[in-house]
Amino acid sequence: MNDQRSAAEPAAAAVAVPEAVTALEGAAGRSWADRRAALAPIALVVAGGLSVQFGSAVAALLMPKAGALGVVTLRLAAAALILLVICRPKLRGHSRADWGTVLAFGVAMGGMNTLFYLALDRIPLGIAVTLEVLGPLALSVFASRRLINVLWAGLALVGVVLLGGGGFDRLDPLGAAFALAAGAMWAAYIVFSARTGRRFPQADGLALAMVVAAVLSLPLGVIESGAKLTVPSTVALGAAVAVLSSVLPYTLELMALRRLPAPTFAVMMSLEPAIAAGAGFLILDQALSTTDALAIALVIGASIGAVRGRSGAAPRREA
């Protein structure tokens, strides 16, 4: 009864005092503005995730024309050029340790992209991302030193067993191995991304590491694809993949992280297997079975549980 009276008092005051109407409208406007401000960074993260996974779907469409290694080369080279133009990183004033860190970051980035695209050439996008996300999940479990995270790891393992049909007999074994190896490189990417961020201002380290990754991938792409990499339509699609998978999501997530708590960001990153499954279905016509969907849900749940136990967020991988 008291609650009903309290709720009715503002409305009664608005009828009795005309000025109260303006005050109430202002409060409602502020409330709506607050909700919009809270939802905006979440929308940016979702948009970044959609960009990354739909970029991977476009990359899969490009693979018959340029090969998996050729697509990696196009994607990294285009991303490196774009980031160099945008960031204009300074080359002077860095120590040998700084360059060693950026080199390791570039190697991890190149290895992660190469292994992931090799996996994508053999297994569905949603499954590839689900297996890949086990790398950051394992890093989160080991770094947390909490017993509960061992349970989350076990839940993820159940999901992986379901995904493999009890033994990966219905998945391409080499594709699954590539995806798991890409996950390990993603974990290394996270470690060296943090170290690079501490040594280089803004996105300078990312731009320089992208150059390292592009240079390392170039011989592999040329050997596999050769002159196919110079076809204008192929180059254009490669540039589109670079924008969708690197430049756009990095920008969106950088904006989001200015207003979004890191743990919330990390939880949302754990939803990427579901986004990837959706992109695979819509762009590549890769339907998932009920068992696949359950397995992906288990891995997502394990990832969310693990990252909620930590105070930091895993950086975005460039893939």
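Residues numbered from 1 in each chain as written. Predicted model: local features only at pLDDT ≥ 70, side-chain atom pairs only at ≥ 80, totals over all residues. Heavy atoms only, no water.

J.: What's the story with the overall build of the protein chain in this structure? I'm lost.
T.: Tallying secondary structure elements over the protein chain gives twelve helices and zero strands in all. Sequence-distant contacts, at least 24 apart, represent 88% of the contacts inside the protein chain between residues at least 6 apart. Surface exposure of the protein chain reaches about 15400 Å², of which carbon and sulfur atoms provide 68%. (Helix = DSSP H or I, 4+ residues; strand = E, 2+ residues; numbered from the N terminus. Contact = heavy atoms within 4.5 Å. Areas by Shrake-Rupley, 256 points an atom, 1.4 Å probe, with all protein chains shown as cover.)

J.: Just checking my understanding: could you explain the nonpolar core for this structure?
T.: The nonpolar side chains of a soluble globular protein tend to be buried, and buried together. Core analysis: the largest hydrophobic core is formed by 68 residues, its most contacted members being Met109, Phe116, Tyr117, Leu125, Leu131 and Tyr189. When residues of this core are assigned to their parent elements, the largest contribution, 17 residues, is made by helix H2 (residues 18-87). Not counting residues up to four positions away in its chain, the partners in contact with Tyr117 are Ala59, Met63, Ala68, Val71, Val72, Arg75, Val241 and Ser245. Residues Leu44, Val45, Met268 and Met269 belong to the second largest nonpolar core, which totals seven residues. (Core = buried A, V, L, I, M, F, W, Y, C linked by side-chain atoms within 4.5 Å. Buried < 20%, exposed > 50% of the residue type's maximum accessible area, 1.4 Å probe, protein only.)

J.: Hey, could you run me through the environment of Gly111 in this one?
T.: Here Gly111 is to be found in helix H3 (residues 96-120). Taking relative accessible area as the criterion, Gly111 reaches 18% and is therefore assigned buried. As for Gly111 and Ser217, which are separated by 106 residues in sequence, their C-alpha atoms are 8.6 Å apart.

J.: Quick question: what am I supposed to make of unusual backbone geometry here?
T.: The general pattern is negative phi for most residues beyond glycine and trans for most peptide bonds. Although it is not a glycine, Arg88 sits at a positive phi angle of roughly 50°. Examined against the element boundaries, Arg88 turns out to sit in the loop between H2 and H3. We classify Arg88 as exposed; its relative accessible area is 66%. A positive phi angle, near 60°, is found at Asp285, a position not held by glycine. When you line up the elements, Asp285 lands in the loop between helix H11 (272-284) and helix H12 (290-308).

J.: Can you help me understand helix H4 (residues 125-132) in this one?
T.: Think of an α-helix as turning once every 3.6 residues; residues three or four places apart then point the same way. Most of H4 sits out of view: eight of its eight residues are buried. Inspection of H4 places Leu125, Gly126, Ile127, Ala128, Val129, Thr130, Leu131 and Glu132 among the buried residues, and these make up the whole buried set.

J.: How do you make sense of the packing of H4 against helix H7 (residues 173-199) when you look at a structure like this?
T.: The geometry of a pair of packed helices is captured by two quantities: the angle between their axes and the separation between those axes. In contact at an axis separation of 7 Å, H4 and H7 are set at 45° when each is read in the N-to-C sense. Judged by the angle between their axes, H4 and H7 are oblique. Relative to H7, H4 is oriented so that their crossing is right-handed. In this structure, H4 uses Ala128, Leu131 and Glu132 to contact H7, whose residues at the interface are Ala176, Ala179, Leu180, Ala182, Gly183 and Trp186. For the contact of H4 with H7, a count of residues per class yields seven nonpolar, one polar and one charged. (Axes fitted to C-alpha atoms, helices over the stretch in contact; angles between N-to-C directions. Parallel < 35°, antiparallel > 145°, perpendicular 65-115°, else oblique. Left-handed = near helix turned anticlockwise from the far one by under 90°. Nonpolar A, V, L, I, M, F, W, Y, C, P; charged D, E, K, R; others polar.)

J.: Would you mind showing me how to read the pattern of salt bridges here?
T.: A side chain of one charge can pair with a side chain of the opposite charge if their charged atoms are brought near each other. Counted by the stated rule, this structure contains two salt bridges. One salt bridge in this structure joins Arg199 and Asp98, with 2.7 Å as the shortest N-O distance. Highlighted residues: Arg199 in helix H7 and Asp98 in helix H3, separated in sequence by 101 residues. Overall, the relative accessible area of 37% leaves Arg199 in the partly exposed class. Measuring nitrogen to oxygen at the nearest pair gives 3.3 Å for the salt bridge that ties Asp172 to Arg122. One end of the pair, Asp172, is in the loop between helix H6 (147-163) and H7; the other, Arg122, is in the loop between H3 and H4, with 50 residues separating them in the sequence. Overall, Asp172 belongs to the partly exposed group, its relative accessible area being 27%. (Salt bridge = Lys/Arg side-chain N within 4 Å of Asp/Glu carboxyl O.)

J.: Looking at this structure, how should I read the confidence of the model for the protein chain?
T.: Parts of the prediction with low pLDDT should not have their coordinates interpreted in detail. Mean pLDDT over the protein chain stands at 80; residues scoring 70 or higher make up 78%. Mean pLDDT across the secondary structure elements of the protein chain bottoms out at helix H1 (residues 2-16), with 40, and peaks at H3, with 94. Here residues 1-18 is a poorly scored stretch, pLDDT under 50, and it has five contacts once near neighbours within four places are set aside; other chains count. (pLDDT = per-residue confidence, 0-100.)

J.: Explanation requested: a nonpolar patch on the surface in the structure shown.
T.: On the surface, a cluster of nonpolar side chains totalling about 400 Å² of accessible area is made up of Leu61, Phe281, Leu282 and Ile283. Judged by its relative accessible area of 47%, Phe281 falls in the partly exposed class. (Patch = residues over 30% accessible without salt bridge, like charges linked within 9 Å, V, L, I, M, F, W, Y side chains within 5 Å.)

J.: Explain the packing of aromatic side chains to me, please; I cannot follow it from the model alone.
T.: Each aromatic ring pair is described using two quantities: the centre-to-centre distance and the angle formed by the ring planes. Inspection of the entire model under this criterion finds three aromatic pairs. An angle of 50° between the planes, with centres 5.9 Å apart, marks the rings of Phe116 and Tyr117 as tilted. Of the two residues examined, Phe116 and Tyr117, each falls in the buried class. (Phe/Tyr/Trp six-rings, centres within 6.5 Å; stacked < 30°, edge-to-face > 60°.)

J.: What is the right way to read the environment of Leu44 from this model?
T.: With respect to the helices and strands, the residue Leu44 is situated in helix H2. The class of Leu44 is buried, set by a relative accessible area of 15%. Taking the C-alpha atoms as reference points, Leu44 and Pro249, 205 residues apart in sequence, are found 8.5 Å from one another. In this structure, Leu44 is in contact with Leu252, Met255, Ala256 and Arg259, ignoring residues within four places of it in sequence.

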